[in-house]
Every structure is written in structure tokens, then in C-alpha cells.
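Residues per chain, in single letters:
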Amino acid sequence: EPETTLDELPGNWPDPTQSAATRNFDYWADRGFAGLQTSPQLRRFLGNMLHQIFIEETPENPESIVYLQPKVQSPDGSLQHYYRIIDLDDDWRAAVSMVASRHGGTRIVMMFKKNNKNVGLAEINPELHRKKVGPDVMLYLPGKTMPANLFDDIELPLDPNSITGSKELIDPVQTYFNQQILSHA
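Bear in mind that the values here come from a model prediction, so they are computed numbers and not experimental data.

Engineer: Run through the side chain of Ser-74, naming residues and quoting values.
Structural biologist: Tracing the backbone through its elements, the reader meets Ser-74 in the loop between β2 (65–68) and β3 (81–87). Ser-74 gets classed as buried once you look at its relative accessible area, which sits at 9%. Within polar-contact distance, the side chain of Ser-74 engages the backbone nitrogen of Asp-76 at 3.0 Å. Those residues in contact with Ser-74 that lie beyond four places of it in its chain are Leu-79, Glu-123 and Tyr-140.

Here is the structure:
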């Protein structure tokens, strides 16, 4: 998978001392991380989570932010974007981002590697997850693409007041993803 690493963060990137309110949803939407048709109920959560992932957890550490070009072709639009690389443990690594969909919504995208091998990608529709109508996630596993109802197994923490870090969003998806890999191996 082609990766472009950054020697420095893109221009006009928020300063780590700025609050999430300073760089609100519109700031992220202007940069393709979120779609303008995203519901008002999700805007604050998505803006806060993007701030958490890309600003608060990466001060002075731009090398964990890379531009990735996944081979996956999503019907909702390109998944090429800036991702934050997060080492989850000795075996697992995730690349996490959000992208505007072609219909103006927002998708949460997580790519997973296990033992340095790509094991797949999850493209989550937070609107469908919040409303509990599915399928709310498209799983791209090696040799298999499948829609699924993520909300049947996990509840994503979409409350803007309870964001403590990106791991609270990633951990349940990683667990779910691992179960899917094992059950479809």
C-alpha cells in the first residue's frame, strides 16, 4: 500500500494548544475529513474525535500522520486521505481517519494490520450506526467484501461529551474485526 509520510504537517494544521472548538466540524469538512450533509447530532462528536485523533494525540509527532491510498474501491467515494497510524499492541496496528462521502456524509475508516500484514479495512457509516439501521459498516477482508450490521455487536461511543481518546472508538472495532477475520478465515 503506497504511503506518503510527512516531514511536517499540512499547512494550516491546528496548533496542539488550540481547543477542539477552535477547529470545529466545518474546519474538518473544508479539508475533506467530513461531509457537509452530516447530521447535526453527529457533527460535534466527529469534530471532537478528529481533533482528538489528529491534534491532541499527536502533538509534535507528525510522523504518525501519513497520506494513504487504500486499494479498496468504496461505492461511497475515495478513501485516499490522511490517516493517523496507531500501534495498538505488539501485533496490531491501525490507520484511522474520516472521509467525506460522495453524498456529503462522513465515513469513519479504519485499516488494520496484524503482524505487519494487511488484514482489512472497515468503513463505518456513523449515521446508520447511530440510527441502528444497517448495514452500517462495509468490511473489506482479503478476497471478500461484506456489508454488516456493526451495531448488532458493538455500540460506538458517539457522545461528544464522553470522548477520552481514539482508542475508545478503535478498540471495539478491532475486537469486532478480529472476530470477523476468524469467522471468515
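Engineer: I'd like a rundown of the packing of aromatic side chains, residues and numbers included.
Structural biologist: Summed over the entire model, instances satisfying the criterion amount to seven aromatic pairs. With a centroid separation of 6.1 Å and 35° between ring planes, the pair formed by Trp-28 and Phe-54 is classed as tilted. A residue pair is termed long-range when its members are at least 10 positions apart, and Trp-28 in helix α1 (residues 25–30) and Phe-54 in helix α2 (residues 40–56) qualify at 26 residues. Centre to centre, the rings of Trp-92 and Phe-112 are 5.9 Å apart; their planes meet at 80°, and the pair counts as edge-to-face. You can see Trp-92 sitting in strand β4 (residues 92–100) and its partner Phe-112 sitting in strand β5 (residues 106–114), a full 20 residues away along the chain. Taking relative accessible area as the criterion, Phe-112 reaches 1% and is therefore assigned buried. An aromatic cluster is defined as three or more aromatic residues linked by ring pairs; in this entry it consists of Tyr-27, Trp-28, Phe-33 and Phe-54.

Engineer: Tell me about the nonpolar core, residues and numbers included.
Structural biologist: Membership of the largest hydrophobic core comes to 42 residues, with the highest contact counts inside it found for Met-110, Phe-112 and Leu-139. Among the elements of the structure, α1, α2, β4, β5, β6 (117–124), β7 (137–141), β8 (144–148) and α4 (167–183) are those that each provide at least two residues to this core. If you tally residues by element for this core, the top one is α2, at eight residues. Residue contacts for Phe-112: discarding those within four places in its chain leaves Leu-88, Trp-92, Arg-93, Ala-94, Lys-117, Asn-118, Val-119, Gly-120, Ile-170, Val-173, Gln-174 and Phe-177.

Rules behind the numbers
Residues numbered from 1 in each chain as written. Predicted model: local features only at pLDDT ≥ 70, side-chain atom pairs only at ≥ 80, totals over all residues. Heavy atoms only, no water. Helix = DSSP H or I, 4+ residues; strand = E, 2+ residues; numbered from the N terminus. Buried < 20%, exposed > 50% of the residue type's maximum accessible area, 1.4 Å probe, protein only. Polar contact = N/O pair within 3.5 Å; in protein donor to acceptor, adjacent residues only side chain to side chain. Contact = heavy atoms within 4.5 Å. Phe/Tyr/Trp six-rings, centres within 6.5 Å; stacked < 30°, edge-to-face > 60°. Core = buried A, V, L, I, M, F, W, Y, C linked by side-chain atoms within 4.5 Å.

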